[in-house]
Amino acid sequence: MWSWNNQAWKTLWLVLLAVFVASCASTDEEEEGLPSGNRTEQAFYEAAQRQLKSSQWELAIKNLRALEDNFPFGNYAEQAQLELIYAYYRDYQNDAAISAADRFIRLHPQHRNVDYAYYMKGLASFTEGSGLFERFLPTDMTRRDPGSARESFAYFAQLMARYPESRYAPDAQKRMIHLRNLLARYEIHVANYYFKRNAYLAAANRGRYVVENFQQTPAVPDALAVMVQSYHLLEMPQLEATSLNVLRTNYPHHPAFRDDGTFNYRYYAGASGRSFIHRITLGLFEKSDPRGFDSRELYNAEYRAEDAPLPPEL
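Engineer: Just to check I follow, could you spell out the side chain of N192 for this structure?
Structural biologist: Counting through the fold element by element, N192 comes out in helix α9 (residues 169–196). Excluding its chain neighbours within four sequence positions, the residues that come into contact with N192 are Y268, G292 and F293.

Structure below.
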């Protein structure tokens, strides 16, 4: 009798365990947006489509990865790889988006939609460092480390060189203009910093670098003003006169000019322009720095980032 009861308990325990495991599996499937017991390629893809449309990026990523893992040569595999790039980007996983784009390019170098992967690489780098805070509050991105901007520019340039007729080329070109303006403006910020440290030769070199490498950007007039100021402080009158002539000829309304057309060498006083209170308290009670060369309100017309387009359908 005891043996029969013991066997019955074992059977009951196995039945309960099976029910529990099935329940957990069903719950996982429901969380993934899949019908219970339906783990076909089409089911994964349709679930991911619903989640993409409802901005459930994490679930979409999970299903797109599951689709690729389980059906690497299926009918939806290539489309899932493209949409995975997009889902990573929308979930602010920019590094993962770039890696997914690189993988698509490596696996499908001749694919008719490979230009989308190149475009998304540039876009993911374009918004690198732009977290939730920066997306909703005004932030001067020209003061950030320019590494991601340079990388993004290179990716967009690669797209333009390989696929000049791509549907994404016009947007990429606009973003390249914005990035070029951003990189030039960063150099002006660095020059202003050097002024504060009385490193006038370094400031002049930054200004010259902008003039030589970022022509037709809104930072050029400020770069010329930086050169005029720097060469004046370095007592290099010939270079000062040449820079001043170019600035006056091309940008006569730069705010560094007085009303009578003469250059105001006190426009940016540098570190010595800080007040006594600022110096003795190390900026604790007066945090404002001397005004630097920054005439963006007059000359700047930057391009603003927008969300990425959905990947094209195969």
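Moving on from the model shown.
Engineer: Explain the pattern of salt bridges to me, please; I cannot follow it from the model alone.
Structural biologist: Pairing is possible between side chains that carry opposite charge, provided their charged atoms lie close to one another. By the definition in use, this model includes 7 salt bridges. D102 is paired through a salt bridge with K121; the nearest N and O atoms lie 2.7 Å apart. Taken together, the positions of D102 in helix α5 (residues 94–107) and K121 in helix α6 (residues 114–126) put the pair 19 residues apart, joining distant regions of the chain. Salt bridges linked by common partners bring R185, D222 and D294 together as one network.

Engineer: Help me understand unusual backbone geometry in this model?
Structural biologist: Note: most residues except glycine have negative phi, and most peptide bonds are trans. For S55, which is not glycine, the phi torsion reads 60° and is therefore positive. Considering the arrangement of structural elements, one finds S55 in the loop between α2 (41–53) and α3 (57–70). Judged by relative accessible area, which is 43%, S55 ranks as partly exposed. Here Y92, not a glycine, exhibits a phi torsion of approximately 65°, which is positive. Relative to the helices and strands, Y92 resides in the loop between α4 (77–90) and α5.

Engineer: Explain helix α11 (residues 220–233) to me, please; I cannot follow it from the model alone.
Structural biologist: The end-to-end C-alpha separation of α11 is 20 Å, in line with the 20 Å expected for 14 residues at 1.5 Å each. Most of α11 is tucked away, with 12 of its 14 residues classed as buried. E235 occupies a position one or two residues after α11 and carries a positive phi of about 60°.

Engineer: I tried to follow the packing of α2 against α3 on my own but got confused; where do I start?
Structural biologist: The angle between the axes and the distance between the axes are what describe a pair of packed helices. At a closest axis distance of 8 Å, the pairing of α2 and α3 adopts a crossing angle of 160°. In this view, α2 runs roughly antiparallel relative to α3, as classed from their interaxial angle. Here the hand of the crossing between α2 and α3 comes out left-handed. Together, E41, F44, Y45, A47, A48, Q51 and L52 of α2 and W57, L59, A60, N63, L64, A66, L67 and N70 of α3 make up the contact between the two elements. Partitioning the contact of α2 with α3 into residue classes produces 11 nonpolar, 3 polar and 1 charged.

Engineer: Before we go on, may I ask you to explain the side chain of D222 in this structure?
Structural biologist: When you line up the elements, D222 lands in helix α11. The class of D222 is buried, set by a relative accessible area of 0%. When neighbours within four sequence positions are excluded, D222 is seen to be in contact with R185, I188, H254, F293, D294 and S295.

Engineer: Help me out: how do you make sense of the packing of aromatic side chains in this one?
Structural biologist: Aromatic ring pairs are reported here in terms of the distance separating the ring centres and the angle at which the planes meet. This structure, assessed with the given rule, holds 14 aromatic pairs. Summarising the aromatic geometry, the rings of F257 and F263 are spaced 6.0 Å apart at their centres and angled 90° between planes, so their arrangement reads as edge-to-face. In terms of burial, F257 and F263 fall into one category: buried. Put simply, the rings of Y116, Y119, F126, F156 and Y168 pair up and form one aromatic cluster. One Lys or Arg, R175, reaches over the ring of F126 and ends 5.0 Å from the middle of that ring.

Conventions adopted
- Residues numbered from 1 in each chain as written.
- Predicted model: local features only at pLDDT ≥ 70, side-chain atom pairs only at ≥ 80, totals over all residues.
- Heavy atoms only, no water.
- Helix = DSSP H or I, 4+ residues; strand = E, 2+ residues; numbered from the N terminus.
- Contact = heavy atoms within 4.5 Å.
- Salt bridge = Lys/Arg side-chain N within 4 Å of Asp/Glu carboxyl O.
- Buried < 20%, exposed > 50% of the residue type's maximum accessible area, 1.4 Å probe, protein only.
- Expected span 1.5 Å × (residues − 1).
- Axes fitted to C-alpha atoms, helices over the stretch in contact; angles between N-to-C directions.
- Parallel < 35°, antiparallel > 145°, perpendicular 65-115°, else oblique.
- Left-handed = near helix turned anticlockwise from the far one by under 90°.
- Nonpolar A, V, L, I, M, F, W, Y, C, P; charged D, E, K, R; others polar.
- Phe/Tyr/Trp six-rings, centres within 6.5 Å; stacked < 30°, edge-to-face > 60°.
- Lys NZ or Arg CZ within 6 Å of the ring centre and 35° of its normal.

All we've got here are geometric facts, nothing functional implied.
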